[in-house]
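Spelled out, the chains give:
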Amino acid sequence: PPNLSSRSYLAVILACLFVLDGLSLWLVARLDYNRTLDHAKVVLQKTAISLEERVKRTITATEAILDTRAVRLQERSIGGRMLLSDEYERFKRAALSLPDPGSLWLLDARGDLLLDSTEHPSRRGNFSDRDYFAVQRDRDVRFYVGPAVKGKITNKYSFTISRRIDG
């Protein structure tokens, strides 16, 4: 319009520039957000695949160690007698060979702790109320992998792998 002053024209032009700048900043931020989100998804997918492979290796290796211990214990018929200190040493070495830090426990049919790879003589304890024990006792499950749980004392996540020893 011809009756606007040059200051008004300048104000309108500046307002348009501010709107265009704001719009372009919003588009750039949106594009960056989408790229960052896509990158994060790729990283998380790779991490999940890596963790899945590690857990599979841990379970397979632990199952082999538990099977070896079970065969030895069945052959030696240790479950019904006093455990010897050399069995503790074997148990301790087996626990040290686990793929991830952990301990091995030997429980009797009632859930009482007979042998703990972390100390000898082992503290007394009963684990019959634990999921891994109840599943193997009640459903006759041979090998069990429990859910990941956060420890009350250690404040770290872990899971239990257990194997039933018959006889």
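To be clear, the structure that these remarks concern was listed above.
Residues numbered from 1 in each chain as written. Predicted model: local features only at pLDDT ≥ 70, side-chain atom pairs only at ≥ 80, totals over all residues. Heavy atoms only, no water.

K.L.:
Hey, could you run me through the overall build of the protein chain in this one?
P.N.:
Across its full length, the protein chain holds three helices and six strands. Helices and strands appear in the protein chain in the N-to-C order α-α-β-β-α-β-β-β-β. A separation of at least 24 residues holds for 41% of the contacts in the protein chain among residues at least 6 apart in sequence. Summing over all exposed atoms, the protein chain offers an accessible surface of approximately 12800 Å²; the carbon and sulfur share of this is 59%. (Helix = DSSP H or I, 4+ residues; strand = E, 2+ residues; numbered from the N terminus. Contact = heavy atoms within 4.5 Å. Areas by Shrake-Rupley, 256 points an atom, 1.4 Å probe, with all protein chains shown as cover.)

K.L.:
Please clarify how the environment of D131 should be interpreted in this entry.
P.N.:
Looking at the secondary structure, you find D131 in helix α3 (residues 131-138). Overall, the relative accessible area of 53% leaves D131 in the exposed class. Considering only alpha carbons, one finds D131 and G146, 15 residues apart in sequence, at a separation of 7.7 Å. (Buried < 20%, exposed > 50% of the residue type's maximum accessible area, 1.4 Å probe, protein only.)

K.L.:
Help me understand the nonpolar core, please; the structure alone is not making it clear to me.
P.N.:
One recurring pattern in soluble globular proteins: nonpolar side chains tend to sit buried together. Grouped together as the largest cluster of nonpolar side chains are 13 residues, with contacts concentrated most on I65, L66, F91, L98, L104, L106 and L115. Elements with a contribution of two residues or more to this core: α1 (6-76) and α2 (85-96). Residue contributions to this core peak at four residues, all from α2. L113, F127, F133 and V135 belong to the second-largest nonpolar core, a separate cluster that totals six residues. (Core = buried A, V, L, I, M, F, W, Y, C linked by side-chain atoms within 4.5 Å.)

K.L.:
Explain a nonpolar patch on the surface to me, please; I cannot follow it from the model alone.
P.N.:
Nonpolar side chains collect at one region of the surface, where L4, Y9, L10, I13, L14, L17, F18 and L20 lie side by side and expose about 800 Å² of accessible area between them. Mapped onto the fold, Y9 is located in helix α1. Among the residues examined, Y9 registers a relative accessible area of 38% and is labelled partly exposed. (Patch = residues over 30% accessible without salt bridge, like charges linked within 9 Å, V, L, I, M, F, W, Y side chains within 5 Å. Salt bridge = Lys/Arg side-chain N within 4 Å of Asp/Glu carboxyl O.)

K.L.:
Can you walk me through the packing of aromatic side chains in this structure?
P.N.:
Pairs of aromatic rings are described using the distance from one ring centre to the other and the angle between the two planes. Applying the stated rule across the entire model yields one aromatic pair. On the numbers, 4.7 Å between centres and 35 degrees between planes, the contact of W105 with F127 is tilted. Residue W105 is found in strand β1 (residues 105-107), and its partner F127 is found in the loop between β2 (113-116) and α3; the two are separated by 22 residues along the sequence. (Phe/Tyr/Trp six-rings, centres within 6.5 Å; stacked < 30°, edge-to-face > 60°.)

K.L.:
Help me out: how do you make sense of the side chain of Q136 in this one?
P.N.:
Among the structural elements, Q136 can be located in helix α3. Taking relative accessible area as the criterion, Q136 reaches 8% and is therefore assigned buried. Apart from the residues within four sequence positions on either side, Q136 is in contact with V141, R142, F143, Y144, S162, R163 and R164.

K.L.:
What's the story with the pattern of salt bridges in this structure? I'm lost.
P.N.:
When the charged atoms of two side chains lie near each other, side chains of opposite charge can form a pair. Tallied over the full model, the rule gives four salt bridges. With a closest N to O distance of 3.7 Å, E52 and K56 form a salt bridge. Taken as a pair, E52 and K56 lie in helix α1 at a separation of four residues, close to a single helical turn. Its relative accessible area of 42% is what places E52 among the partly exposed residues. Residue K56 is classed as partly exposed on the basis of its relative accessible area of 44%. Between R130 and D129 there is a salt bridge, and its shortest N-O distance comes to 3.9 Å.

K.L.:
For this particular structure, what's the right way to read α3?
P.N.:
Owing to its 3.6 residues per turn, the α-helix aligns residues three or four sequence positions apart on the same side. For α3, every residue scored as buried is listed here: Y132, F133, A134, V135 and Q136. At its buried positions, α3 is contacted by β1, β3 (143-145) and β6 (161-163). Just past α3, the residue D140 takes up positive phi, approximately 60 degrees.

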